[in-house]
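Chains, contacts and geometry: an overview
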Amino acid sequence: PPLPPPPPPAPPRPPPTPDTTVDAHPALPDVTGRPLPAGWHEVRVPGVHWPVLVGPGGVVVVFTRNTSTALPRTTGDQDERRRATSGAHLTAALVGHRLGLTPDRSIPCVPVVVIDDDLPLVARSDGAAVVHRADLVTWLCDRPAVIDDHTVHGLVAAAPPALR
């Protein structure tokens with residue numbers, strides 16, 4: 001018997017507009033169901049497809065997961081190597097580089113993994129914080145202030161305008 005004809009090609013994707021980004025992840029208020037706390041701003045960083053927050057507690061890269069049971073776990077000697085090569089920490093380092101954070105500025109850029117289930121949280125071997133979705137705003141508010149408003153606004157302004 002003859003082979004069936006091939007499927008038609010997929011329609012081309014529309015070109016990006018200034019109002020769209022390549023970020024496949026939702027904006028943070030959509031993740032938490034709550035607005036960001038006072039002083040915190042979400043920015044888009046080129047090459048980073050996760051929400052990035054800038055606020056009094058520093059710079060935070062937010063990784064969303066459906067469940068904490070999918071998080072990688074290691075023990076013993078692997079911990080130091082895992083921390084050095086963790087995707088979360090490498091992404092935080094990239095964000096820090098893109099925003100011009102240098103060691104002399106002493107502005108931390110840290111990852112946080114936000115879980116969207118009610119199961120007990122599982123600690124990550126790479127040391128990244130893990131919080132439930134409903135607790136993220138509280139977690140941000142509880143971070144000690146390490147940068148002032150002027151610096152926060154300077155970092156927000158450093159993000160490309162089309163990506164803010």
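Structure shown above.
Position labels on residues start from 1 in each chain and follow its written sequence. Residue-level local features of this predicted model are given only where pLDDT is at least 70; pairs of side-chain atoms are given and counted only at 80 or more, and the full residue set underlies all totals for whole chains, interfaces and linings. Here the side-chain values reflect all heavy atoms present in the structure, with hydrogen atoms and water set aside.

What about helix α3 (residues 87-98)?
Each helix is a run of H or I in the DSSP string that is no shorter than four residues. Each strand is a run of E no shorter than two, and both are numbered from the N terminus. Between the first and last residue of a helix there are one fewer steps than residues, each counted as 1.5 Å, and that sum is the expected span. Here α3 spans 16 Å end to end across twelve residues, near enough to the 16 Å set by a 1.5 Å rise per residue. Among all positions of α3, only A88, T91, A92, V95 and G96 are buried. Considered in projection along α3, the buried side chains sweep an arc of 140 degrees and stay on one side of the axis. What makes two residues a contact is simply this: any of their non-hydrogen atoms within 4.5 Å. In this structure, the buried residues of α3 make contact with β2 (52-55), β3 (58-65) and β4 (109-115). Backbone geometry just after α3 places G100 at a positive phi near 75 degrees. Relative accessibility thresholds used throughout: buried, under 20% of the residue-type maximum; exposed, over 50%; partly exposed, between the two (1.4 Å probe, protein chains only). Of all possible arcs, the one meant is that of the directions from the helix axis to the C-beta atoms.

Structural notes on the sheet that holds β2
Note: two strands are recorded as paired if DSSP finds a minimum of 2 bridges between them. If you walk across this open sheet you meet the five strands as β1-β2-β3-β4-β5, and the pairing is mixed. Looking at the sheet topology across the chains shown, the edges are occupied by β1 (41-43) and β5 (129-132). Each strand axis lies, on average, 35 degrees off the axis of its neighbour in the sheet, ignoring direction. Direction of pairing for β4 relative to β5: parallel, over a ladder of four bridges. Directly across from V114, in β5, lies its bridge partner V131. Orientation is described by axes fitted as lines to C-alpha atoms, over the contacting stretch for helices, and by angles from 0 to 180 degrees between their N-to-C directions.

All quantities given are derived from atomic positions and should not be read as evidence of function.
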